[in-house]
Structures are given as structure tokens and as C-alpha cells.
Amino acid sequence: MTTRRAFLKTSAGLLVASGANLAPSDLLGTASAAVPAKAKGQLAADGFFPQGRKMVFAGYSGDPARDLAKGFTVAGPVYGDQTPYLKRCFENRWPVIAHVGPKITFKDDSPDKYKLEPASLQQSVQKQVQELAAHKEIVWWGVHPEELRTWRRSEMDYLKIVCETIRKADPLARPIFHYNPNHRDAKGLAPIAEQVDILAKGCYVNSAGKKRDRAWVRWSVEQEVEALRVAGRPNAIPLVMPELCKNPEPEEECEIRAWVRHDVYLGLASGAKGVLIWSLFKRPAVKRTWQLWYDAYCECAQELNGPQGLAQVFLFGKKQTTLQVRQVQGSDGARVKLGGTMEPNTTSEQERAQREVKLPSWTAAEFESPDGRWLFLVNSANAPAAFAVNGLPQGAALTNAFNGHAVKTDGRSVRLDLAAYEVVGLRLKK
């Protein structure tokens, strides 16, 4: 006998080094989560990772013409009726992420009158994908609604059917993305990771109450990395999803640029393979400081995707541990509180539970690429810190990875002084 499950319907890796002495249980998944099925040379130059060489740097509900001119590479998804938005992207040949899924909301009470049979769901999704599949501007598919609950069988069945139907209906086999709430951990992400190709959870640091615990970004990406490992998805990739949604206190405006750079680069150094910001819409809650946040994100986008080409380092650089990074000033670890009431209806009781985890206050990531060796160092502490980098190759030329300026060394070592939340990038060329 075939069991028919009901659905509710409404109308409406990088290698990371740290100075903290942590047990394996303190940190999850420090290895890279995604190794593309094809080598870099076989990936399309004009395609987007994991199917191409470009990194996706996007934001929800933006202005594609404005954003793509500022270093963003893809127009992010939008909520509501996406038809006019997608049409504009298609007409201008702008890369875009498209939502797929019926107008459905899962209710806690599950009344029998709201039923959607699997066959109807398959037909609905197949129709959506077939109507859009010919548009090569679509980079990824995003499963809607977001924040599906992994402890509800009906919602996981829904996700499985939607993902399977997309794959059958899309001749270009584009990756599938799904957004997960901020406090979801690796255990909660694993069932999602089994189905999707692009795994992400919110890293809305300020909104989630982690403003002064920004190492939480590393914890967040590591949950994605670990979930993909547990799910056996070596070719799926994690994203970092920072925020642009809320004004800080007026006296904190001067910190916005440092926050943005910290969150983006810590996410990438921790294993993320793309950036998706929530959101670029000028909502009232961020009206006063929107431009400050946006300009800082554009700066990162241009460093990653402009002449510096740093995205290629994070996507394809070979992990290395030849350089010895040692903290010589500042605290090397912190206890970060996990859990909280943000997105309460879509996180489990365990995920919302208040608890602490020991995290490093700094992160170093080293890569080797055809054009040199790279070291990125991120200070997540709320105070300045200093580091000694030893083991530089004899006679190596050391430059700032972000601006190309020469960096003075002491023979085979260099001292780096970082302000709170500062990011330093070094490039070594013989």
C-alpha cells in the first residue's frame, strides 16, 4: 500500500587555525565542506560556484543594476511576486537566484482541510521550473518557504519532493538553496543538507544578540560545514549570510565597516564559499545607517570579485599550514552564548536553549594558489590584538592582499597589530 502524506496549504573548507586550545567537541568541521566535482580548469569561467569559477556575492531584495555595478555578482532572491523582478533580470541578462515552491505555509495545528497531495506538489513545482528553466540567467534555485522545520516529517517530505522535482525538471541541473534560521545547529541542519546543494543559515550577528560575540559567525559556518559532512554531501557548499537590517546605536556607527568586513571574511575563512546578505532593501529599521552598511559590503564585493580576485583564493586556494601564527597580545579565546528567541517558530527547543561554547577570538587561514601564498587573519575580539607570523620564505615579497601595498618584514617573520574586529590579508610572492 502506498502512503500518501498530506501537506498544509494556504492561499497566501578551508583549513582554519586558531590560538585557542580547544577540544574537538568545541569546534565542528574545520575542514573544507565542498570540493567541486570538476577541477577549476574544467569549470565554466562565466559560471557560478559550484558549477563555475565565480563566487556568488548577492543580497536579498536589492536593485540588480545598482548592486552588480558595485561588485556584487548575482541578483539575490526577492519575497512576494518575483515575476517582474525575474523578468527585469532576464531582459538585462543579469544572474539571479529564483525562488521555487507553491504559496504554502505550514501551520502548527495541521487542520485536515489544508491538504496538498505529493502529486499536486510535483505538478506545481514542475510547472514553475519548466517555465523558468530556459533562462540561463538563473544561477540557483531557492526553495520556498524558508526555515522548514527538520523535526516535522511533513516539512522534510515537502523539501524532498520539491528538490527531487526541481532536479528532474531542470536540464541545466542548477544547485538548490534553502535558508535556515540563525540558531539552527549542525544537528538541525543535517536533514536539510541531505537535500540541498547550497546550505545556509542566518549570521545576523547584531539582530541575534551577538554584537560583541562576533566569533559566532565562525560557529555558524562550522555548523553548516559539519552538517554537510554528516549528510555525506562533499560537493555541496556552505554560505555565510550576514545582515543589513538594523541600525546600531548612534555611537556605534563608526564600527559598521569593521563589523561587515569581519563577518564576511571570517565566514569565508571558516569555510563558506559564497555570500548572501539579508537584505539590501531599505527597510525603516536601518534607514539611518543603510548606506554605511551597503558601502562596506560593496568594498568587500569589489575586493573579492574585482582586480584583486580574492574570491578565487577562497574558492580554489590549496589549504596550507606552512606559516606559524602566534598571538603575542590579547585574549585568545572567549565563551560565546548560543541560543535565543530569534525565529522562535522555526527553531527547536534545543536550538533556542541558552548555553555556552568556547570559541577562539581569532582565526587564521592560509592558502596556496598559482600566483602566490595567502594568509588571512581575523580578530574577533572586542579589543586590539597582536600576532607574530613566522616561517616566511626567504626573500619573499610581502604585500597587503587588499591594496597591494608592501608590508615590511623582519627577515622571515612579521608582526601584525589588529584593531578590534580587524581583518588582515597578506600575499607572499617569491
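Residues numbered from 1 in each chain as written. Predicted model: local features only at pLDDT ≥ 70, side-chain atom pairs only at ≥ 80, totals over all residues. Heavy atoms only, no water.

Asks: Talk me through the sheet that holds strand β16 (residues 385-390); I want residue IDs and the actual numbers.
Replies: With antiparallel pairing, three strands are arranged side by side in an open sheet as β11-β16-β18. The sheet is open, and its two edges are formed by β11 (324-329) and β18 (413-418), each paired on a single side. Neighbour-to-neighbour, the strand axes of this sheet turn through a mean angle of 25°, independent of strand direction. For β11 and β16, the ladder comprises five bridges, and the chain directions are antiparallel. Of the residues in β16, the one forming a bridge with Gln 327 is Phe 387. (Pairing = 2+ DSSP bridges. Helix = DSSP H or I, 4+ residues; strand = E, 2+ residues; numbered from the N terminus. Axes fitted to C-alpha atoms, helices over the stretch in contact; angles between N-to-C directions.)

Asks: Talk me through the packing of aromatic side chains; I want residue IDs and the actual numbers.
Replies: What describes a pair of aromatic rings is the distance from one ring centre to the other and the angle between the planes of the rings. One pass over the structure, following the stated rule, counts 17 aromatic pairs. On the basis of an interplanar angle of 90° and a centroid distance of 5.0 Å, the ring pair of Phe 57 and Phe 72 is categorised as edge-to-face. A residue pair is termed long-range when its members are at least 10 positions apart, and Phe 57 in strand β3 (residues 57-59) and Phe 72 in the loop between α1 (64-68) and α2 (83-92) qualify at 15 residues. In this pair, the class of Phe 57 matches that of Phe 72, namely buried. Plain terms: the ring middles of Tyr 265 and Phe 376 are 6.4 Å apart, the flat faces sit at 10° to each other, and that makes the pair stacked. Of this pair, Tyr 265 sits in helix α7 (residues 256-269) while Phe 376 sits in strand β15 (residues 372-379); the two residues are 111 residues apart in sequence, bridging distant segments of the chain. Phe 376 matches Tyr 265 in its accessibility class, with the two residues each being buried. (Phe/Tyr/Trp six-rings, centres within 6.5 Å; stacked < 30°, edge-to-face > 60°. Buried < 20%, exposed > 50% of the residue type's maximum accessible area, 1.4 Å probe, protein only.)

Asks: Would you mind going over the pairing of strand β5 (residues 138-143) in detail, with residue names and values included?
Replies: Of all six residues in β5, six are buried, a share of seventy percent or more. In terms of strand pairing, strand β4 (residues 96-100) meets β5 through five bridges, oriented parallel. Across the sheet, the residue bridging to Ile 97 is Trp 140, located in β5. Looking at chain direction, β5 and strand β6 (residues 176-180) are connected through two bridges and run parallel. Looking at the pairing, Gly 142 lines up with Phe 177 of β6.

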